[in-house]
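# A closer look at the structure
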Amino acid sequence: MLYRDTIESEILVHKPWFVTSIFAVVLVVFLMFNLTGTTFGQLMRPVIGDPAQSGIYGRFAIAFVIAIIFCLNIVLIGFVSVKVQIGIVWAELLLLFLAFFNSFNLSMPFISENLPYLITQGAFTTIYISAFSLVFASVIAMIAAIAKLSNNGFAYAIASFYTSFFRGLPLLVQIYLIYLGLPQLGIVIDAIPSGILALSLCVGAYMTEIFRAGIESIDRGQWEASRSMGLGFGLTMRRIILPQALPVIIPPMGNTFISMLKDSSLVSVLGVWELTFLARTIGQPTFQHMEMLITAAFIYWIMSICLELIQSRIEHHFARSRVR
């Protein structure tokens, strides 16, 4: 593992060969697109004249200027600290995305009118479906992981079949099988419990392998030492194994939860009033689908950022013993 005090960092963006290579790549990429009809093409009118009549000269001039701006940007960013670099790049990318979405001529009054309902109803429903699914999936994953690590062939067979089956089927198919298939057996489940059950079983299958890998990462000597002290399986797992395995388990588990937050949008096929369903439903009568879908996308993104921050804090907490 590399640490900041064991390597000498080089500012790559100040190397002439690197800047030249980036300039050539950006120039070639933007030559592939005809940007003469865009706002940037209008800004280049004093240089290229009428954008519609500029031809290959206009495309080359626009690509050349963009490549110059891009290279100058990364060179200047290289003079500031890492934290400032991160902030600047985030701000620039966010502005680019906002400019891209602004080109859709979105109706801001329509967005502001429906945004509170998307948050209070859609986002709230999405969060609690995901939260309940995570709890149930964690319980299922822990049981299945222990079964796969046991010497009991019956338990291993059930756990391995479970992980193979639910990782092998698309989540949407699992949702339909549970919501439409169980009533064939006389078991009728409402839409939200069906969605939570499908998410729990599907995500639990993936988390089983995460828990199994985390537990197996602990040296065998830890088990032998606890056994020599007379500790039972449950106490060994709770006091010795899991505290050491959590730093390994939490990063992929957090990624799985963030992924599940977005996968919960598939529950909308059952008519659950979660974020994606409301965004599609609200925009349909007036054909303002893009306004609602982009708004929903930003809400998903903000929720994911919050989860990333929480995951980072939890990782830092459990990794304190590994800090050099």
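Let me sum up the structure you'll find in this document.

What counts, and at which threshold
Residues numbered from 1 in each chain as written. Predicted model: local features only at pLDDT ≥ 70, side-chain atom pairs only at ≥ 80, totals over all residues. Heavy atoms only, no water. Patch = residues over 30% accessible without salt bridge, like charges linked within 9 Å, V, L, I, M, F, W, Y side chains within 5 Å. Areas by Shrake-Rupley, 256 points an atom, 1.4 Å probe, with all protein chains shown as cover. Salt bridge = Lys/Arg side-chain N within 4 Å of Asp/Glu carboxyl O. Helix = DSSP H or I, 4+ residues; strand = E, 2+ residues; numbered from the N terminus. Buried < 20%, exposed > 50% of the residue type's maximum accessible area, 1.4 Å probe, protein only. Axes fitted to C-alpha atoms, helices over the stretch in contact; angles between N-to-C directions. Parallel < 35°, antiparallel > 145°, perpendicular 65-115°, else oblique. Left-handed = near helix turned anticlockwise from the far one by under 90°. Contact = heavy atoms within 4.5 Å. Nonpolar A, V, L, I, M, F, W, Y, C, P; charged D, E, K, R; others polar. 1 Å grid on protein atoms, 1.4 Å probe; cavity = no way out; pocket = protein on both sides within 12 Å on 5 of 7 lines; lining within 4 Å. Points joined across faces, edges and corners; volume = space filled by probe spheres on them.

### A few points about a nonpolar patch on the surface
A cluster of nonpolar residues, Val82, Ile86, Trp90, Leu94, Leu95, Leu98 and Trp301, forms a patch on the protein surface that exposes about 680 Å² of accessible area. Take the nonpolar patch: its biggest share by element is 6 residues, from helix 5 (residues 82-102).

### Side note on unusual backbone geometry
Unlike most non-glycine residues, Asn105 shows phi in positive territory, near 55°. Examined against the element boundaries, Asn105 turns out to sit in the loop between helix 5 and helix 6 (108-149). A relative accessible area of 68% means that Asn105 is categorised as exposed. The backbone of Phe287 shows a phi angle near 60°, a positive value even though the residue is not glycine.

### Structural notes on the packing of helix 6 against helix 13 (residues 289-318)
For the pair helix 6 and helix 13, the least separation of the axes is 10 Å and the interaxial angle reads 45°. One element, helix 6, and the other, helix 13, form an angle in the oblique class. The way helix 6 lies across helix 13 gives a crossing that is right-handed. On the side of helix 6, the interface is formed by Phe110, Ile111, Asn114, Leu115, Leu118, Ile119, Ala123, Thr126 and Ile127, while helix 13 contributes Glu291, Met292, Thr295, Ile299, Tyr300 and Met303. Split by residue class, the contact of helix 6 with helix 13 holds 11 nonpolar, 3 polar and 1 charged.

### Observations regarding the environment of Val248
Assignment of secondary structure puts Val248 in helix 11 (residues 233-263). The exposure class of Val248 is partly exposed, given its relative accessible area of 31%. Distance in space between the C-alpha atoms of Val248 and Ala155 is 24 Å, their sequence separation being 93 residues.

### With respect to the layout of surface pockets
Considering only enclosed or pocket space, the largest pocket measures out at about 960 Å³ in volume. What lines the largest pocket is a set of 19 residues, among which Phe30, Phe40, Ile66, Leu96 and Ala99 lie closest to the centre. Of all the elements in the fold, those that place two or more residues in the lining of the largest pocket are helix 1 (16-31), helix 2 (39-43), helix 4 (55-77) and helix 5. With 7 residues, helix 5 is the largest single contributor of residues to the lining of the largest pocket. Taken together, the residues that form the lining of the largest pocket break down as 14 nonpolar, 4 polar and 1 charged. Estimates place the volume of the second largest pocket at around 390 Å³. Around the second largest pocket, the lining comprises 16 residues; the ones closest to its centre are Leu149, Ile215, Trp223, Arg227 and Phe233. Breaking the lining of the second largest pocket down by element, the ones donating at least two residues are helix 6, helix 9 (191-216), helix 10 (220-228) and helix 11. Broken down by element, the residue count for the lining of the second largest pocket peaks at 5 residues, all from helix 10. Of the residues that constitute the lining of the second largest pocket, the class distribution is 8 nonpolar, 4 polar and 4 charged.

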